[in-house]
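Inside the fold
Residue strings, one per chain:
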Amino acid sequence: MDKFLQFLAKLTNGEIIEVDKMLHFSFSFIIASFFMNPYYSVVAVLIVNILKELFDKYQKKTRFDIYDILAGVLGAGFYLLTQIL
């Protein structure tokens, strides 16, 4: 049980998965839940994540991170998976 708790602690404090990626995943899951049509939800999540990365690149002057977009799409995919099961 100690190893499991250590794993959860590392997972939630950003040692295993970066906090930014978890936020992209979580918010994309929420955005996907607003749409009834799965195609619309994935397209909306993709657009929102791309716009967010473009904002980061041109306004905040940070890099465009394709892995943030991937984390977002995975969040939408996880939502769709929960609806199927």
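In what follows, the structure referred to is the one given above.
Quick look at the structure, then. (Residues numbered from 1 in each chain as written. Predicted model: local features only at pLDDT ≥ 70, side-chain atom pairs only at ≥ 80, totals over all residues. Heavy atoms only, no water.)

This paragraph deals with the overall build of the protein. Within the protein, the secondary structure is distributed over 4 helices and 0 strands. Pairs at least 24 residues apart make up 55% of the contacts formed inside the protein by residues separated by at least 6 positions. Accessible surface, the protein as shown: approximately 6,400 Å² in total, 71% of it carbon and sulfur. Measuring between centres, the 8 positive side-chain charges of the protein sit 4 Å from its 8 negative side-chain charges. (Helix = DSSP H or I, 4+ residues; strand = E, 2+ residues; numbered from the N terminus. Contact = heavy atoms within 4.5 Å. Areas by Shrake-Rupley, 256 points an atom, 1.4 Å probe, with all protein chains shown as cover. Lys, Arg positive; Asp, Glu negative; His and termini not counted. Charge placed at Lys NZ, Arg CZ, Asp CG, Glu CD.)

Moving on: a nonpolar patch on the surface. Judged by side-chain polarity, Val-43, Leu-46, Ile-47, Ile-50, Leu-51, Leu-54, Tyr-58, Phe-64, Ile-66, Tyr-67, Leu-70 and Leu-74 come together as a nonpolar surface patch covering roughly 1,100 Å² of accessible area. Going through the elements one at a time, α3 (38-58) and α4 (66-84) are the ones with two or more residues in the nonpolar patch. Here the element with the most residues in the nonpolar patch is α3; it accounts for 7 residues. Take Leu-54: it is sitting in helix α3. (Patch = residues over 30% accessible without salt bridge, like charges linked within 9 Å, V, L, I, M, F, W, Y side chains within 5 Å. Salt bridge = Lys/Arg side-chain N within 4 Å of Asp/Glu carboxyl O.)

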